[in-house]
Amino acid sequence: MSEQHDWRTRAAERKQLQLAQIPSEWAIAPLPEDQRNVLDVPRSCGLLTARELDITDTVNVAILLDKLRSGEWSSLEVTTAFYKRAIIAQELTNCLTEIFIDRALARAKEVDDYLKTHGKPIGPLHGLPISLKDQFCIKGLETIMGYVGWIGSVADRDSVLVELLYECGAVPFVRTNVPQTLMWGETYNHVFGRTTNPFNRYMTPGGSSGGEGALVALRGSPLGVGTDIGGSVRIPSAFCGLYGLRPSYERLPYCRAVNSMEGQESVSSVLGPMTNSVEGLKLFTKAIIDARPWRKDPLALRKEWSAREYALGDHGGIGGTMCFAIMWDNGLVKPHPPLVRAMGIVKKALEAAGHTVIDWENHLIPEIFGNGQKIYVADDGLDLRTACGLSGEPLLKTMSPDTDAHEYALDEPLMHTIVGERKHLSAYELWQLHKEKRALRKSHLDHWEATVVQTGTGRPVDAIISPAAPYAACPHGCNSNCSYTEFCNFLDYVAAIFPVTFVDKVLDQRVAPHVFHNHEDEAVYKLYDPELWHGMPVSLQLIGRTQEEEGVIAMTEVVDGALKAFKQT
């Protein structure tokens, strides 16, 4: 058997094994391939009962938890309802990897029995089904992470996050799809295939936590956990109209989760929640921090949840006036018209709520972007090629479909241009990049601190508002630029995603060409089509300082509240 045939056969057999885990009674009638928006299918397909729809349409995680803690809803019925809806989401968008129904329902029954026996919940996430990106090992299950060569890699222990979720009373119930290597802002691999966006299946849900994005958007999970090394929580959250959080390095426990480029510790991957309600960001983050993850993960920061920071103690206090700065354009790629309109909406909403809004002045963005990109590829892709070499599968060079790919006039992404000639760096050369990164972080810190003269609050800018990408969810193969999110990864700024509006083909017409920053900026400009993008969610990111998860979550709640109030006027 040829090597090529072997890896293809292994991938196809593993995909069939996954499909065999779907109960026949949970299957839905196939949809026409040209039906792009599938958001209403879970309600219209007839699989879910009225009560199951009531459960799964409860998007506020706090309400779900209240009903679970009180016993009004059992974990068994809640987990069953979300599992059925997750299977519908799988059939619509191909968002899942591991399906383990019996195991999850047994855990849900265990949680219910505890509540009946002890009269109290196990912990703060009692009975809540939680989906996990295909990096978080669960004992006895494979963790394939998009590599054919990892098929059959069964975990002999749980990742630390899973251990803590059990302690908190949660019910891990599915794992979700990722791209090969993880280092893509889209979601496709040779084992499980391509995940699509439920708002428009012609569009990508983002990546690398794209399976989570599609699943949570279809309300097949009340809360999912993704990871983020360059925007992998925030891009799918933005593309799928969710709330998401990128914490700082090591604030939440990553220990025993599998990853690409393990050992690269200058730009650490982090884990964060993705959910349909802003309340879910706090509930998950506080629960995991209150579980004292430093007991189990030697890298987890020993910092307890700060009620003072959540009460905006560093930002004028609850009800105080804050100053936000809008990054209208990062100087690398100008955002499409819907993003510009969304930033204008947020500006008006915050000003109506009594806050100050100024323009953010960019500082060393090309240098920060270039430094981080060179760190990413310091091994010249050896880690990624080694993982692919286990099976002989080819390393993916594009996320474009083999057929009917969307036309995108970009021959070389800006990141490749900046990195230049490929080279496997020496340890000394890598150290120089680390040294440069520290200097860039210090310079940007000083720049932020200097904004105190502009704000009128006596403090520097409280948070930056920016796009998460220069476009809303784009066609498969076209998400070439992650500079708006990677900015936070390289500087270790906490960032949260919040939804603002939807693309409107009337309000968001093309604009005249600007003076392009570079060739990719021009390609992104030409990509925009109001008709194609119509109806896609438009989200933004709120950027705070390093290690201030509590403050960023609270400020996101303020912005979200201001937006909702403004839309009612």
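Before any of the text, the structure's been laid out above.
Residues numbered from 1 in each chain as written. Predicted model: local features only at pLDDT ≥ 70, side-chain atom pairs only at ≥ 80, totals over all residues. Heavy atoms only, no water.

Asks: Quick question: what am I supposed to make of the side chain of Glu550 here?
Replies: Mapping Glu550 onto the fold places it in helix H21 (residues 549-568). Residue classification places Glu550 among the buried positions, given a relative accessible area of 0%. Side-chain polar atoms of Glu550 contact the backbone nitrogen of Ser306, separated by 2.9 Å. Ignoring sequence-local partners within four residues, the contact set of Glu550 consists of Arg251, Lys303, Glu304, Trp305, Ser306, Glu309 and Tyr310. (Helix = DSSP H or I, 4+ residues; strand = E, 2+ residues; numbered from the N terminus. Buried < 20%, exposed > 50% of the residue type's maximum accessible area, 1.4 Å probe, protein only. Polar contact = N/O pair within 3.5 Å; in protein donor to acceptor, adjacent residues only side chain to side chain. Contact = heavy atoms within 4.5 Å.)

Asks: Hey, could you run me through the packing of helix H12 (residues 337-352) against H21 in this one?
Replies: The relative placement of two packed helices is expressed as an angle between their axes plus a distance between the axes. Their axes nearest at 8 Å, the elements H12 and H21 cross at an angle of 90°. Taken together, H12 and H21 sit at an angle that is classed as roughly perpendicular. On the side of H12, the interface is formed by Ile345, Val346, Lys348, Ala349, Leu350 and Ala352, while H21 contributes Val559, Ala562, Leu563 and Phe566. In terms of residue class, the contact of H12 with H21 is made up of nine nonpolar, no polar and one charged. (Axes fitted to C-alpha atoms, helices over the stretch in contact; angles between N-to-C directions. Parallel < 35°, antiparallel > 145°, perpendicular 65-115°, else oblique. Nonpolar A, V, L, I, M, F, W, Y, C, P; charged D, E, K, R; others polar.)

Asks: Got a minute to help me understand the sheet that holds strand S9 (residues 323-326) in this structure?
Replies: Backbone hydrogen bonds hold the strands of a sheet together, and the pairing may be parallel or antiparallel. Judged by pairing direction, the sheet is mixed, and its 11 strands sit side by side in the order S1-S3-S2-S6-S8-S7-S12-S13-S11-S9-S10 without closing on themselves. The sheet terminates laterally at strand S1 (96-99) and strand S10 (356-359), the two strands that pair on one side only. Along the sheet, successive strands turn relative to each other by an average axial angle of 30°, direction set aside. With four bridges joining them, strand S11 (residues 463-467) and strand S13 (residues 537-543) adopt antiparallel strand pairing. Bridge assignment links Ile464 to a residue of S13, and that residue is Ile543. (Pairing = 2+ DSSP bridges.)

Asks: Please explain unusual backbone geometry as it appears in this structure.
Replies: Comment: phi is negative for the bulk of residues other than glycine, and the bulk of peptide bonds are trans. With an omega of 5°, the peptide bond between Gly207 and Ser208 qualifies as cis. Position of Ser208 relative to the elements: it lies in the loop between strand S5 (193-194) and helix H8 (210-217). Look at Leu312: it is not a glycine, yet its phi comes out positive at around 60°. Looking at the element boundaries, Leu312 is found in the loop between helix H11 (307-310) and S9.

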